[in-house]
Amino acid sequence: LKNRTRLLIFMYNATLNSSLNYVNKPSLENWNPWIWRITAAVSGILCGLATIYPIFAWLIWLAPAAFLFSILAAHNKPLTEYLWRSGLFAVCYYALALSGLLTVADHLSLPRWQAGLLVLLITALCVVLLSLLWLLAAVIYGLCQPAVPVSFAFWPLVCYLIEWLQGHIFGGFPAISLGVSQGVYPLLCQSAGCWGATGLSSLIILINILLAATIFCRRWRYLLLALAIFIINIVAGLVDWHFDTPPERPLQVAAANSDIMLEQRWDRSYDSEIFAIYAGQAANSRAEGAQLLLLPETALPYVLQSTSGYGSRFLQLANQNQLTLVVGGFAEHNRQRYNSLFSATPTSAGGKLTEIYSKRALVPFGEYIPLKGLCRRLLPDGFWASFTLNILQSGGKQGAATIILADKSRVSTAQLICYDLCFADYPRQAVNEGAQLLLAASNDVWYRDTCVIYQHLNHAILRAIEYNRPLLNSTNGGYSAVIDNQGRILALTNPNTAQAKTAMAEVGLTSNLTL
């Protein structure tokens, strides 16, 4: 009986040690390395799908766990295994997330095969550069070989640093974020008001590393901790929604949506037709009680700062409808051209046209040429023919703007143009100066019918949550929307409709600041 008791105690201890001690796992160590590599690649694919298709957005709370599990299982393995697993994960993730960029080939002045090959090479270069950050993190982790609990801090910090570097070292191009993918679920994003979209990405990675550790170490308390964090995040969102501060005053707003192809936009023979679309939207908006109408980025690609030409026509449109317009166009200062927004305010004296903002984040190769001398030598002349009209300057007019409405009341706004929307810190100055409403004007027709317009809308949702401000998003070829200060879409237009529409809703203005 004593011998049997000792045998049972020995078997229990052996089972407990093999379950809880992650170093002694012969079953994992003997697995074929390609099983782990494929696991990391599948994890990257699922993460990529979560960023480009709304139906898969929920996967972001589970998919990274497979990659992180493969990293935990690489303990005591050669450094090359860390490189393989992190590299396959990152390449698959970024390749899918950037797949929408390939449509740019349709708009280049090159033969189809040349344009496709060139855009494919540029996209591949972006994928490789972004993947290097994950490879570096894996090398550091592999050299240190930390205990599992250390991973709970290491990988969320790595995710935060990588997404921060994407927006600063790489100029934010391309702006991809795990947290931004959750724009389809505003309730899960309310914590972004505390730590931003990048902090939300770190929270996602924290939950996933806990899930990975649950399976790897067979310690179910890690699963309970992951569930607790997820539930707390949801409860905090519900509390924020329920106890939201009442708005200081309501404002009826509208965001125009158009679907004008690039070839038509730069063809003067279409000017009258395009202007007629905006005129119809202005009339319909005013008829439904709108006080402010936002038109897309460079609604007509002309210099609008003078009261002649189309600047004058937009003023007339504002006066005819007694409706304040915010319209995109070009501004010129000291022979330099800027992509700007203008407010057209109806007055008894015929109206007032004011430049209120100039775009800060220019699109590489679309609005400026990075490493201009080198690029002109490497890329064919036909490539540059697509961009000769678009070379712009960044900066110019910044900060909060005061827009005067037809009833003489005023509203302070923060402005964003297209790519600016992907930078979380851009509205900060204007909001700190008292901006109560975010205005975002974009031209997404380059990426029509791709995942990029969905990603752009998610950025708009996260900016509204981060700054606790309603956001008005007007696009050409994308989603136009009215979004409240908690990221809920109040009105949305369909980008695939042949008929121009306007998203219209009442928003509540507030001056409360977030962390």
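Bear in mind the structure is a predicted one, so any value in this text is a computation, not a measurement. Counting restarts for each chain, with residues numbered from 1 along the sequence as it is written. Confidence filtering applies because this is a predicted model: local features only for residues at pLDDT of at least 70, side-chain atom pairs given and counted only at 80 or more, and all residues used for totals across whole chains, interfaces and linings. Calculated side-chain values reflect all of the structure's heavy atoms, with hydrogen atoms and water omitted.

A. Fine view of the overall build of the protein. Labels follow the DSSP assignment, with helices taken as runs of H or I lasting at least four residues and strands as runs of E lasting at least two, numbered in each case from the N terminus. The secondary structure content of the protein amounts to 16 helices and twelve strands. Each residue is assigned to one of three classes by its accessible area relative to the maximum for its type, calculated with a 1.4 Å probe on protein chains only: buried under 20%, partly exposed between the two thresholds, exposed over 50%. Out of the 515 residues belonging to the protein, those deemed buried represent 55%. Within the structure as shown, the protein displays about 22,400 Å² of accessible surface, and the carbon and sulfur contribution to it stands at 62%. A 1.4 Å probe and the Shrake-Rupley method give the accessible areas. Residues count as covered only by the protein chains that appear here.

B. Structural view of unusual backbone geometry. For asparagine 334, which is not glycine, the phi torsion reads 50° and is therefore positive. In this structure, asparagine 334 sits in the loop between strand E3 (324-333) and strand E4 (336-345). What makes asparagine 334 exposed here is its relative accessible area of 75%. At arginine 335, a position not held by glycine, the phi torsion is positive, near 65°. Among the structural elements, arginine 335 can be located in the loop between E3 and E4.

C. Quick peek at the side chain of serine 151. Position of serine 151 relative to the elements: it lies in helix H7 (residues 148-166). Residue serine 151 is classed as buried on the basis of its relative accessible area, which comes to 0%. Whether two residues are in contact is decided by their heavy atoms, any of which lying within 4.5 Å being enough. The contacts of serine 151, once residues within four sequence positions are left out, are Leu72, Tyr141, Pro156 and Ile209.

D. Looking closely at the nonpolar core. By nonpolar core we mean a set of buried residues, namely Ala, Val, Leu, Ile, Met, Phe, Trp, Tyr and Cys, connected to one another through side-chain atoms within 4.5 Å. If you look at the biggest cluster of nonpolar residues, it comprises 102 residues, and the most contacted ones within it are Leu72, Tyr94, Trp134, Trp155, Leu471 and Ile483. Counting residues per element, this core draws most heavily on helix H8 (residues 192-217), at 14 residues. Among all residues touching tryptophan 134, those that are not within four sequence positions of it are Phe67, Ser86, Phe89, Ala90, Tyr94, Trp155, Val158 and Ile162. Formed by 27 residues, the second largest nonpolar core is a distinct cluster that contains Leu300, Leu304, Phe342 and Met504.

E. Molecular detail of helix H3 (residues 33-52). For H3, which comprises 20 residues, the first-to-last C-alpha distance of 29 Å matches the rise-based estimate of 28 Å (1.5 Å per residue) to within 8%. Along H3, the positions that sit buried rather than exposed are Trp36, Arg37, Ala40, Ala41, Ser43, Gly44, Cys47, Gly48, Leu49, Ala50, Thr51 and Ile52. The N-cap residue of H3 is asparagine 32: its side-chain oxygen and the backbone nitrogen of tryptophan 34 are 2.9 Å apart. In this scheme, a helix's expected span is set at 1.5 Å multiplied by one less than its residue total. Two N or O atoms form a polar contact when they lie within 3.5 Å of each other; inside protein one atom must be a possible hydrogen donor and the other a possible acceptor, and for residues adjacent in sequence the pair counts only when both atoms belong to side chains.

F. Molecular detail of the environment of alanine 254. Its place among the elements puts alanine 254 in strand E1 (residues 249-258). Separated by 27 residues in sequence, alanine 254 and glutamine 281 have C-alpha atoms that sit 9.2 Å apart. The contacts of alanine 254, once residues within four sequence positions are left out, are Ser285, Ala290, Leu292, Leu293, Leu294, Leu472, Thr502, Ala503 and Met504.

G. Just helix H4 (residues 63-72), in detail. For H4, the tally of buried residues reaches nine of ten residues, placing the bulk of the element in the interior. Within the sequence span of H4, burial applies to Ala63, Pro64, Ala65, Phe67, Leu68, Phe69, Ser70, Ile71 and Leu72. Contacts made by the buried residues of H4 are with H3, helix H5 (79-97), helix H6 (112-144), H7 and H8.

H. Structural view of the packing of aromatic side chains. Pairing of aromatic side chains requires ring centres within 6.5 Å, counting the rings of Phe and Tyr and the six-membered ring of Trp. Pairs whose planes differ by under 30 degrees are stacked, by over 60 edge-to-face, and all others tilted. Throughout the structure, instances matching the rule amount to 22 aromatic pairs. Between phenylalanine 152 and tyrosine 222, the ring centres sit 5.0 Å apart and the planes meet at 80°, which makes this aromatic pair edge-to-face. Note that phenylalanine 152 is positioned in helix H7 and tyrosine 222 in helix H9 (residues 220-242), a separation of 70 residues in sequence. Tyrosine 222 shares its class with phenylalanine 152; the two are buried. By way of ring pairs, the aromatic residues Phe67, Tyr82, Phe89, Tyr93, Tyr94, Trp134, Tyr141, Phe154 and Trp155 are connected into one cluster. Criterion for a charge above a ring: Arg CZ or Lys NZ at most 6 Å from the ring centre, at most 35 degrees from the ring normal. If you follow arginine 360 out to its NZ or CZ, it ends over the ring of tyrosine 426, 3.8 Å from the centre.

I. Looking closely at the packing of H8 against helix H16 (residues 451-467). To get an axis, a line is fitted to the C-alpha atoms, and for a helix only the part in contact is used. The angle between two axes follows their N-to-C directions and goes from 0 to 180 degrees. Here H8 crosses H16 at 145°, and the two axes come no closer than 8 Å. Of H16, the residues touching H8 (which contributes Ala192, Gly193, Gly196 and Ala197) are Leu462, Arg463, Ile465 and Glu466. Throughout, the ten residues Ala, Val, Leu, Ile, Met, Phe, Trp, Tyr, Cys and Pro are labelled nonpolar, Asp, Glu, Lys and Arg are labelled charged, and all others, Gly among them, are labelled polar. Of the residues assigned to the contact of H8 with H16, the class counts are four nonpolar, two polar and two charged.

J. Up close: the environment of threonine 39. Turning to its location among the elements, threonine 39 is positioned in helix H3. Using a relative accessible area of 24% as the deciding quantity, one classes threonine 39 as partly exposed. For the pair threonine 39 and leucine 68, spaced 29 residues apart in sequence, the C-alpha to C-alpha distance is 9.8 Å. Of the polar contacts made by the side chain of threonine 39, one reaches the backbone oxygen of isoleucine 35; its length is 2.7 Å.

K. Representation of the pattern of salt bridges in the model. We define a salt bridge as a contact between a side-chain nitrogen of Lys or Arg and a carboxyl oxygen of Asp or Glu at a distance within 4 Å. For the structure shown, the criterion picks out six salt bridges. The salt bridge involving glutamate 466 is made with arginine 463; its shortest N-O contact spans 2.7 Å. Of the two residues, glutamate 466 and arginine 463 are both situated in helix H16; the distance of three residues between them amounts to about one turn of the helix. Neither residue differs from the other here; glutamate 466 and arginine 463 are each classed as buried.

L. Region of the structure containing the pairing of strand E11 (residues 489-492). Paired strands are those between which DSSP finds at least two bridges. In the sheet, strand E10 (residues 481-483) pairs with E11 via three bridges, with the strands oriented antiparallel. When the sheet's bridge partners are listed, valine 482 is paired in E11 with alanine 491. Once E10 ends, the chain turns through five residues before running back antiparallel as E11, passing glycine 487 with a positive phi of about 85°.

M. Quick peek at the packing of H3 against H16. Axis separation between H3 and H16 bottoms out at 8 Å; the angle between their running directions is 75°. Relative to H16, the element H3 lies roughly perpendicular. The residues of H16 that touch H3, namely those facing Ala50, Thr51 and Ile52, are Cys451, Tyr454 and Gln455. The residue inventory of the contact of H3 with H16, partitioned by class, reads four nonpolar, two polar and no charged. Should an angle fall under 35 degrees it is taken as roughly parallel, and over 145 as roughly antiparallel, whereas 65 to 115 is taken as roughly perpendicular and any remaining angle as oblique.

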